[in-house]
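# Results of the structural survey
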Amino acid sequence: MILLTGGAGYIGSHMSMALAEAGLPFVVFDNFSNSQRGVLQRMAQISGTAPTVVEGDVRDAQTLEQLSQAFPINAVWHLAGSEAVGGSGAGTGPQESQWMSGIGQRQ
Ligand SMILES: NC(=O)c1ccc[n+]([C@@H]2O[C@H](COP(=O)([O-])OP(=O)(O)OC[C@H]3O[C@@H](n4cnc5c(N)ncnc54)[C@H](O)[C@@H]3O)[C@@H](O)[C@H]2O)c1
């Protein structure tokens, strides 16, 4: 099963559609900071398959641990990030400052 972080976003929603159409199992993991839950309903209407969705933040290690125990994940497509480089790595806000190279690790 593929873990698709940021699966409700611009690229992620297209990847979700492609995976659904290919019949491959995947789980969308997204905190919806830059996307809307409604996009997943529209994806389900178009593809005929409701994606498995878990709401959470990639910086939350405990949630990721629970996710890995709940699903047999053997691949990760990591698309959860801020759109702009400035937001992913050089932001000065309380959340942005915790990013390291856009991967989501805490400092
Ligand atoms: N769109 C492009 O042309 C493009 C080009 C090159 C690289 N990228 C990179 O690819 C990634 C995805 O781009 P996109 O255009 O789909 O962006 P997007 O903002 O549309 O999608 C990102 C998704 O990740 C989610 N997200 C953000 N932070 C999160 C977090 N901490 N935990 C969980 N979910 C989180 C958002 O809610 C959103 O649904 C970004 O890192 C972006 O920098 C995009």
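Notes on the structure follow. Note that the coordinates shown come from a computational prediction; the quantities given were computed from them, not determined experimentally. (Residues numbered from 1 in each chain as written. Predicted model: local features only at pLDDT ≥ 70, side-chain atom pairs only at ≥ 80, totals over all residues.)

## What about the overall build of the protein chain?
On a plain count of helices and strands, the protein chain comes out with four helices and four strands. Overall, the protein chain shows an N-to-C arrangement of helices and strands of β-α-β-α-β-α-β-α. Counting only residues that meet the buried cut, the protein chain has 23% of its 107 residues in that class. Partitioning the contacts of the protein chain with sequence separation of at least 6, the portion at a separation of at least 24 is 60%. (Helix = DSSP H or I, 4+ residues; strand = E, 2+ residues; numbered from the N terminus. Buried ≥ 20, exposed ≤ 12 C-beta atoms within 10 Å, placed from the backbone. Contact = placed C-beta atoms within 7 Å.)

## Here's the deal with the nonpolar core
Where a protein is soluble and globular, its nonpolar side chains tend to be buried together. One finds L4, F26, V28, F29 and L40 to be the most contacted residues of the largest nonpolar core, which totals 13 residues. Contributing elements (two or more residues each) for this core: strand 1 (2-5), strand 2 (26-30) and helix 2 (38-47). In terms of residue count, the dominant contributor to this core is strand 2 (three residues). (Core = buried A, V, L, I, M, F, W, Y, C linked by C-beta atoms within 7 Å.)

## A look at the sheet that holds strand 4 (residues 75-78)
Strand order across the open sheet formed by four strands is 3-2-1-4, with parallel pairing between neighbours. What marks the edges here is a single partner per strand, and that holds for strand 3 (52-55) and strand 4. The mean inter-strand angle of the sheet, taken between neighbouring strand axes irrespective of direction, is 20°. Two strands pair when backbone bridges link them, and strand 1 and strand 4 are joined in this way by four bridges, in the parallel orientation. If you follow I2 over to strand 4, its bridge partner there is A75. (Pairing = 2+ DSSP bridges. Axes fitted to C-alpha atoms, helices over the stretch in contact; angles between N-to-C directions.)

## Here we look at the pairing of strand 1
When strand 1 meets strand 2, the two strands line up parallel, connected through four bridges. Across the sheet, T5 pairs through a bridge with F29, a residue of strand 2. Following the backbone out of strand 1, through helix 1 (residues 10-22) and into the adjacent parallel strand 2, one traces a crossover that is right-handed. (Right-handed = clockwise from strand over helix to strand, strands pointing away.)

No statement about biological role is implied by the geometric values presented.
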